[in-house]
Amino acid sequence: MARGHGRILTSIWEDTDFLALDEPEQRLYLFLISQPNLNHAGLLDLTLRRWSRKARGLTVADLEKRIGILEGARFIVVDDDTEELLIRSFVRNDGVWKQPKVMGAMVSGALEISSWRLRSALLAEVDRIPLDELSDEPGARGISIRQQVSEHIADLRKAFGNPPPDPNGRGSVTPSDTPSGTPSDTPAEGGPEASTRGRAPTSRAHSPAPAPAPATNPVEDVWAGEPLETEPTEEPEASDAAEPAGATITQIRPDVEQACSLLAELMEANGCRRPTVTKEWRDAARLLIDKDGIALDDILGAIRWSQANDFWMANIQSMPKLRKQYDTLRLQAQRGRAQTAAPTAPRRMTEEEKKRATRF
């Protein structure tokens, strides 16, 4: 579900950097921060042709020129190769960093970024977050807001690692000496629409409002049916003997981190203490993808499905448990969907349906 509105702070009309822009660039900036698919990290797909249809007489060439001006003024960062746009000060100026749950959603949204240039820019902005302004008093769970936010930042840095030099020779994106006062909108309920480049959907677990149902992904609505409240079928742990002996995984993978982060966030949203993403969690997510051959979209769908069900949310409390019960979850989701569908005469599966079935 996309955002329903974007909030524009009135103080934007007192910002000297913003007032130095011409009217077309001001309008474009307001347009960008009010897009329904803007995620918690300030990331947008660069869809110039779509945007050009939002005003009479507006052309792609006009947009390219105005985007260049906004980038030159450091309001945005763009990567034409990955077709991504980052609203540079979104996290810092919008107060995302003041809310630990929203910061968790920001990390999930940041993991969608393909461009190292945009990743560098976001890391530079994270460095500017004034953590000393956050409360250091232990909360209800014994963890302060400052500690929670610091942990989210550490997770982001670990996931991104050390960005390589910009292959385009444009240099890293570093903050200016004086932070821009340009405000942007606060993330509203919901999350981004599905990426036009096939990236996985962003977690919506820590939106200020309750998380909406996940957006439909390319896998037919296997996780969209009403779940059946039945006991899980205990299965023996799958053997991982096929893994190379003594293999160690040291590289942080965005797909693994996204799956683990989503499960941790949804568990926390359900009232649990936020679990620590351990090596066992990452190994289970990696094996689901690499050994079991499960697509990331399907794993994210299974996580959302399980954590939206009163029975399964109490049973799926870790990534290893999700891997163990994945087939049971999938079959129950399919059965729940079949029960809500109109009955039809039995028929043989088509070849396309067989191919899709074997994806699991």
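A short tour of the structure in this document, coming up.

Calculation notes
- Residues numbered from 1 in each chain as written.
- Predicted model: local features only at pLDDT ≥ 70, side-chain atom pairs only at ≥ 80, totals over all residues.
- Heavy atoms only, no water.
- Axes fitted to C-alpha atoms, helices over the stretch in contact; angles between N-to-C directions.
- Helix = DSSP H or I, 4+ residues; strand = E, 2+ residues; numbered from the N terminus.
- Parallel < 35°, antiparallel > 145°, perpendicular 65-115°, else oblique.
- Left-handed = near helix turned anticlockwise from the far one by under 90°.
- Contact = heavy atoms within 4.5 Å.
- Phe/Tyr/Trp six-rings, centres within 6.5 Å; stacked < 30°, edge-to-face > 60°.
- Buried < 20%, exposed > 50% of the residue type's maximum accessible area, 1.4 Å probe, protein only.
- Lys NZ or Arg CZ within 6 Å of the ring centre and 35° of its normal.
- Salt bridge = Lys/Arg side-chain N within 4 Å of Asp/Glu carboxyl O.

### With respect to the packing of helix α9 (residues 254-269) against helix α10 (residues 279-290)
Across the interface, α9 lies against α10 with an axial gap of 9 Å and an inter-helix angle of 120°. One way to sum up the angle between α9 and α10 is to call them oblique. Considering the relative orientation of α9 and α10, their crossing is right-handed. Where α9 abuts α10, its residues D255, V256, E257, A259, C260, L263, A264 and M267 lie against W281, R282, A285, R286 and I289.

### Overview of the packing of aromatic side chains
Both the distance between ring centres and the angle between the ring planes are used here to describe each pair of aromatic rings. What the rule picks out here adds up to five aromatic pairs. Their ring planes at 80° and their centres at 6.0 Å tell us that F31 and W51 sit as a pair that is edge-to-face. On the criterion of sequence distance, the pair formed by F31 in helix α2 (residues 23-33) and W51 in helix α3 (residues 48-52) is long-range, its members being 20 residues apart. For W51, a relative accessible area of 2% translates into the label buried. Looking at R119, its charged tip hangs above the ring of W116, at a distance of 4.5 Å from the centre.

### Digging into the pattern of salt bridges
In the structure shown here, the tally under the stated rule is 14 salt bridges. Taking the shortest distance from any N to any O, the salt bridge between R157 and D127 comes out at 2.4 Å. Here R157, found in helix α8 (residues 145-160), pairs with D127, found in the loop between α7 (116-126) and α8; they are 30 residues apart in sequence, far enough to count as distant. Since its relative accessible area comes to 54%, D127 is described here as exposed.

### Digging into the environment of G42
Take G42: it is sitting in the loop between α2 and β1 (43-45). Every residue in contact with G42, bar those within four places of it in the chain, is listed here: L85, L86, I87 and F90.

So yeah, pure geometry; function would need other evidence.
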